[in-house]
Amino acid sequence: MRAFRVHRPGPAAEGPLERVEVATPAPAPDELLVRVLACGVCRTDLHVAEGDLPVHRRDVVPGHEVVGRVVGVGERVRGFVEGERVGVAWLRRTCGECRFCRRGAENLCPRSLYTGWDADGGYADHTTVPADYAHRLPEGYTDTELAPLLCAGIIGHHALRRAELPAGGRLGVYGFGGSAHLATQVALAQGATVHVMTRSPAARELALRLGVASAQDAADRPPEPLDAAILFAPVGDLVPRALEALDRGGTLAVAGIHLTEVPPLDYQRHLFQERTLRSVTSNTRTDARAFLRLAGEHHLEVSTVPYPLEHAGDALADLAADRITGAAVLVP
Ligand SMILES: [Zn+2]
Ligand SMILES: [Zn+2]
């Protein structure tokens with residue numbers, strides 16, 4: 001089968017992905033073998049390919065927003081049959097025994113493993129997934145539309161919850177890519193007023209079309225104080241700006257797995273009056289299922305830019321250069 005792997009991490013513009021022909025993987029006894037129908041391109045893939053994240057597996061195949069068809073079932077798997085459409089997401093395995101797993105916070109499990117970082121993912125014709133971590137997918141979406149829901153959607157929804165937006169509150173969204181445009185629709189559906197700050201004019205246009213109250217440049221101040229904000233852009237410089245835009249008691253949730261350096265904070269300007277700064281780390285399977293259920297009940301508009309699998313490198317380079325509005329999706 002075809003696969004694109006990260007042989008030597010480096011700038012996306014220099015082509016860190018290498019196309020190889022490899023044997024189709026065999027599923028472990030508790031895994032499914034999946035034929036990839038669509039695989040979203042997430043910013044985390046870019047961090048893996050460019051070396052912002054440490055190498056966990058040499059020559060890893062990225063891709064953790066996989067919509068696929070089950071074509072092989074490990075001998076110990078129950079509950080899945082060949083031919084079903086399933087989703088493969090970022091969270092791949094957790095230990096099930098540590099204090100975090102036991103209290104329902106498996107996203108913090110120190111022994112957790114991730115698709116497309118610790119194990120080969122979906123930039124390929126086939127991939128595998130532990131059946132316990134595979135997801136059933138909602139109806140009403142194409143394969144291409146479903147792919148971004150599997151990380152961008154799940155993480156955006158988790159970040160929105162971490163931001164603790166009060167009912168009918170004012171939400172600021174910094175950066176407006178795949179994850180942000182989905183989380184924004186969830187917030188709007190829940191009655192929030194949303195203000196978007198992004199440097200991309202095309203993304204500002206998409207935000208306004210989706211119904212946000214205002215859209216301005218990334219460093220601009222929103223037109224009113226915010227009860228909560230989510231930082232989707234991986235830009236540490238925006239942390240003090242977003243904190244300053246919060247009203248008393250507001251919360252800023254940083255959604256990315258990687259952030260450039262955060263400048264020094266001033267206690268009075270950025271944190272006093274009980275403003276809260278917190279991170280968002282992966283998600284639990286419960287989070288994922290709650291979001292996918294919500295996406296089934298409330299149709300989300302998924303803005304996608306399809307690329308043939310052969311052009312995986314172009315998709316990463318376009319994401320790095322901010323040339324994508326919405327979410328890039330690879331189609332084998
Ligand atoms: Zn654990
Ligand atoms: Zn992701």
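Residues numbered from 1 in each chain as written. Chains lettered and ligands numbered in written order. Predicted model: local features only at pLDDT ≥ 70, side-chain atom pairs only at ≥ 80, totals over all residues. Heavy atoms only, no water.

*Asks:* I would appreciate a short explanation of the coordination of the zinc ion (ligand 2) in the present structure.
*Replies:* Octahedral six-donor coordination of a metal ideally yields angles of 90 or 180 degrees, compared with 109.5 degrees for tetrahedral four-donor coordination. Surrounding the zinc ion (ligand 2) are the protein donor atoms Cys-42 (SG), His-64 (NE2) and Cys-151 (SG), at 2.0 to 2.2 Å. Sequence spacing of the donor residues for the zinc ion (ligand 2), all on one chain, is C-x21-H-x86-C. Of this pair, Cys-42 sits in the loop between strand 3 (31-41) and helix 1 (43-50) while His-64 sits in the loop between helix 1 and strand 4 (66-73), and the two are 22 residues apart along the sequence. The pair formed by Cys-42 and His-64 is uniform in burial state, with each residue classed as buried. (Donors = N, O, S within 2.8 Å, 3.2 Å for Na, K, Ca; no water. Helix = DSSP H or I, 4+ residues; strand = E, 2+ residues; numbered from the N terminus. Buried < 20%, exposed > 50% of the residue type's maximum accessible area, 1.4 Å probe, protein only.)

*Asks:* I would appreciate a short explanation of the coordination of the zinc ion (ligand 1) in the present structure.
*Replies:* At this site the zinc ion (ligand 1) is bound by Cys-95 (SG), Cys-98 (SG), Cys-101 (SG) and Cys-109 (SG), with donor distances of 2.3 to 2.4 Å. Because the angles between the 4 donor atoms bound to the zinc ion (ligand 1) fall within 105 to 117°, the donor set is best described as tetrahedral. Donor residues for the zinc ion (ligand 1) sit on one chain with the sequence pattern C-x2-C-x2-C-x7-C. Overall, Cys-98 belongs to the buried group, its relative accessible area being 14%. (Tetrahedral: all angles 85-135°; square planar, octahedral: opposite > 155°, others 65-115°.)

*Asks:* What exactly am I supposed to notice about helix 5 (residues 201-210) here?
*Replies:* An α-helical segment advances 3.6 residues per turn. Residues three or four places apart therefore align on the same side. Every buried residue of helix 5 is accounted for by Ala-203, Leu-206, Ala-207 and Leu-210. Looking straight down helix 5, one finds that the buried residues subtend no more than 100° of arc, so they occupy a single side. Opposite its buried face, helix 5 presents the exposed residues Pro-201, Glu-205 and Arg-209, each directed more than 90 degrees away. The positive-phi residue at the C-terminal boundary of helix 5 is Gly-211, with phi of around 110°. (Arc of directions from axis to C-beta.)

*Asks:* Sorry if this is basic, but what is going on with the packing of aromatic side chains here?
*Replies:* For any pair of aromatic rings, geometry is given as the distance between the ring centres together with the angle between the planes. All told, the structure shown has 4 aromatic pairs when counted by the stated rule. With centroids separated by 5.8 Å and ring planes inclined at 10°, the aromatic side chains of Trp-90 and Trp-117 adopt a geometry described as stacked. Placement of the pair is Trp-90 in the loop between strand 5 (85-88) and strand 6 (91-93) and Trp-117 in the loop between strand 7 (113-114) and strand 8 (126-130), with a sequence separation of 27 residues. Each member of the pair, Trp-90 as well as Trp-117, is classed as buried. One aromatic cluster in this structure is built from Trp-90, Tyr-114 and Trp-117. (Phe/Tyr/Trp six-rings, centres within 6.5 Å; stacked < 30°, edge-to-face > 60°.)

*Asks:* Would you take a moment to explain the nonpolar core for this structure?
*Replies:* Note on soluble globular proteins: their nonpolar side chains tend to be buried together. Formed by 45 residues in total, the largest nonpolar core has its most connected members in Leu-149 and Phe-176. Counting only elements with at least two residues in this core, the list comes to strand 3, helix 3 (143-162), strand 10 (170-174), helix 4 (178-189), strand 11 (193-197), helix 5, strand 13 (226-231) and helix 8 (285-297). At 8 residues, the largest contribution of residues to this core is made by helix 3. Discounting residues that sit within four places of it in the chain, Phe-176 has contacts with His-181, Thr-184, Val-196, Thr-198, Ala-203, Leu-206, Ala-207 and Leu-210. The next biggest cluster of nonpolar side chains, apart from the first, holds 43 residues, and it includes Leu-17, Phe-80, Tyr-307 and Leu-316. (Core = buried A, V, L, I, M, F, W, Y, C linked by side-chain atoms within 4.5 Å. Contact = heavy atoms within 4.5 Å.)

*Asks:* Help me understand the pattern of salt bridges, please; the structure alone is not making it clear to me.
*Replies:* Taken as a whole, this structure holds 23 salt bridges when the rule is applied. For Arg-111, the salt bridge goes to Glu-97, with nearest N and O atoms at 3.7 Å. With Arg-111 in the loop between helix 2 (99-102) and strand 7 and Glu-97 in the loop between strand 6 and helix 2, the pair connects residues that are 14 residues apart, well separated along the chain. A relative accessible area of 53% means that Arg-111 is categorised as exposed. A salt bridge links Arg-199 to Asp-322; the shortest N-O distance between them is 2.5 Å. With a gap of 123 residues between them, Arg-199 in the loop between strand 11 and helix 5 and Asp-322 in the loop between helix 9 (312-320) and strand 17 (327-331) connect regions that are remote in the sequence. (Salt bridge = Lys/Arg side-chain N within 4 Å of Asp/Glu carboxyl O.)

*Asks:* Just checking my understanding: could you explain unusual backbone geometry for this structure?
*Replies:* Phi is positive for Asp-59, which is not a glycine, with a value near 60°. Within the secondary structure layout, Asp-59 lies in the loop between helix 1 and strand 4. At Ser-282, a residue that is not glycine, the phi angle is positive and equals roughly 50°. Mapped onto the elements of the fold, Ser-282 is located in the loop between strand 15 (276-279) and helix 8. For Ser-282, a relative accessible area of 9% translates into the label buried.

*Asks:* What exactly am I supposed to notice about the side chain of Asp-227 here?
*Replies:* Among the secondary structure elements, Asp-227 is positioned in strand 13. For Asp-227, a relative accessible area of 18% translates into the label buried. Of the polar contacts made by the side chain of Asp-227, one reaches the backbone nitrogen of Arg-170; its length is 2.8 Å. Excluding anything up to four places from it in sequence, Asp-227 contacts Leu-165, Pro-166, Gly-169, Arg-170, Leu-246, Gly-250 and Thr-251. (Polar contact = N/O pair within 3.5 Å; in protein donor to acceptor, adjacent residues only side chain to side chain.)

*Asks:* What should I look at first to understand the sheet that holds strand 13 in this one?
*Replies:* One key point about sheets: their strands pair by backbone hydrogen bonds, in either a parallel or an antiparallel sense. A sheet is described by the order of its strands in space; here 6 strands give the open sequence 12-11-10-13-14-15, paired in parallel fashion. Of all the strands in the sheet, the pair left with one neighbour each is strand 12 (214-216) and strand 15. Each strand axis lies, on average, 15° off the axis of its neighbour in the sheet, ignoring direction. Pairing between strand 10 and strand 11: 5 bridges, direction parallel. Within the sheet, the bridge partner assigned to Gly-172 lies in strand 11 and is His-195. Most of the contacts of helix 6 (residues 238-245) go to strand 14 (residues 246-254), to which it runs at about 145°, and overall it touches strand 10, strand 13, strand 14 and strand 15. (Pairing = 2+ DSSP bridges. Axes fitted to C-alpha atoms, helices over the stretch in contact; angles between N-to-C directions.)

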